[in-house]
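Remarks on the overall topology
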Amino acid sequence: MTGFKDIVGHEQVINHLQNAIKLNKVSHAYIFNGEKGSGKNLLANMFAMTLQCEKGDVEPCLICSSCKKAMSKNHPDIISVLHEKPNSIGVEDIRGQVIGDIMIKPYSSPYKIYIIKEAEKLTVQAQNALLKSIEEPPAYVVVILLTTNIDVLLPTILSRCVTLNLKVVPDNIVRNYLMEHLEIPDYQAKISAAFAQGNIGKAIKLATSDSFNEIKDEALFLVKHVKEMEIYEVIEAVKKVADYKLEIDDYLDLLMIWYRDVLLFKATRDVNDLIFKDQINDIREQSRVSSYEGLETIIVSLEKAKTRLKANVNFDLIMELLFLTIKEN
């Protein structure tokens, strides 16, 4: 862990937090809202470490006793709220770790900071219990809620917290980060950045994942050969895709990027903006034999498949229907 200056993107959020520290206007409650891997946890930990730093600046010094404890996840006044049940944070978790602890003054720091990850899992009862703690907390308390879905939090919670929404990081910044810091080749960095859609955590995961490359190869094989495949071969392909069930969104996103590349090339004949530009011969051929309407039908079908999978509709049925649509168009 380094300082705010080394975090990729999120300049507005960082400026807000640093100004709050500089002007001594730190709120007693924050919500960091953003998708998984967007950097909520990193920002919350950095903010907490900076607040507790003995230097008292807008960047953590990294060398004082407080910073060292924060970096080793061993700071007595930075508390990560844990929960036993995987799918919910119950009222007992909040009572035991926040409400029952909040009146005890900080051991060695100016603040006592409670970080609640996966706050979308807070039950209504837990939220109501927490509400009492953020309505009139002791002056030294800061509560930070990290969530992927702010809509499930009660309006009474939202009204008492400063909400910071983590925006997507531009593709070129993500790509440059992957190339410079992780030494990912240009082509792979570009694909990972396009996939991650502004999510730096997801980009890092994809760029360093062996299974991602396997999924990519399977997806590209399918789009290049689906037209000449017999129906039973399409069914076999569906079964192969089933191996990737946990990462099916990545698989469908790959198909989506491929067909968008084909559509873009058909419209512009420009190679420069393609993600799969190393596959230009296949893209050129596919754009020649495909109609605009057919390509748009496939892209719409991919979106529908993603929506249906989230609704737990039968996996095999969705994929068979999708591949038949691709085959026909």
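Report follows, based on the coordinates. (Residues numbered from 1 in each chain as written. Predicted model: local features only at pLDDT ≥ 70, side-chain atom pairs only at ≥ 80, totals over all residues. Heavy atoms only, no water.)

1. Observations regarding the packing of aromatic side chains
Applying the stated criterion across every chain, the model contains 3 aromatic pairs. On the numbers, 6.4 Å between centres and 75 degrees between planes, the contact of Tyr30 with Phe32 is edge-to-face. Taking the relative accessible area as the measure of exposure, Tyr30 reaches 1% and is therefore buried. Ring centres of Tyr30 and Phe47 lie 5.2 Å apart, and the angle between their planes is 85 degrees; this geometry places the pair in the edge-to-face category. Of this pair, Tyr30 sits in strand S1 (residues 29-33) while Phe47 is found in helix H2 (residues 40-52), placing the two residues 17 residues apart along the sequence. Per residue, the accessibility class of Tyr30 equals that of Phe47, and both read buried. (Phe/Tyr/Trp six-rings, centres within 6.5 Å; stacked < 30°, edge-to-face > 60°. Buried < 20%, exposed > 50% of the residue type's maximum accessible area, 1.4 Å probe, protein only. Helix = DSSP H or I, 4+ residues; strand = E, 2+ residues; numbered from the N terminus.)

2. What to know about helix H15 (residues 315-328)
Under the 1.5 Å per step criterion, the end-to-end length of H15 is 20 Å for 14 residues, consistent within 8% with the ideal 20 Å. Its side-chain oxygen at 3.2 Å from the backbone nitrogen of Asp316, Asn314 defines the N-terminal cap of H15. (Expected span 1.5 Å × (residues − 1). Polar contact = N/O pair within 3.5 Å; in protein donor to acceptor, adjacent residues only side chain to side chain.)

3. Focus on the nonpolar core
Counting residues in hydrophobic clusters, the biggest one holds 45 residues, and the most contacted among them are Tyr251, Leu252, Leu255, Tyr259, Met319 and Phe323. Per-element tally for this core: the top contributor is helix H12 (residues 248-268), with 12 residues. One finds Ile7, Ile21, Phe47 and Leu164 within the second-largest nonpolar core, a separate group that totals 32 residues. (Core = buried A, V, L, I, M, F, W, Y, C linked by side-chain atoms within 4.5 Å.)

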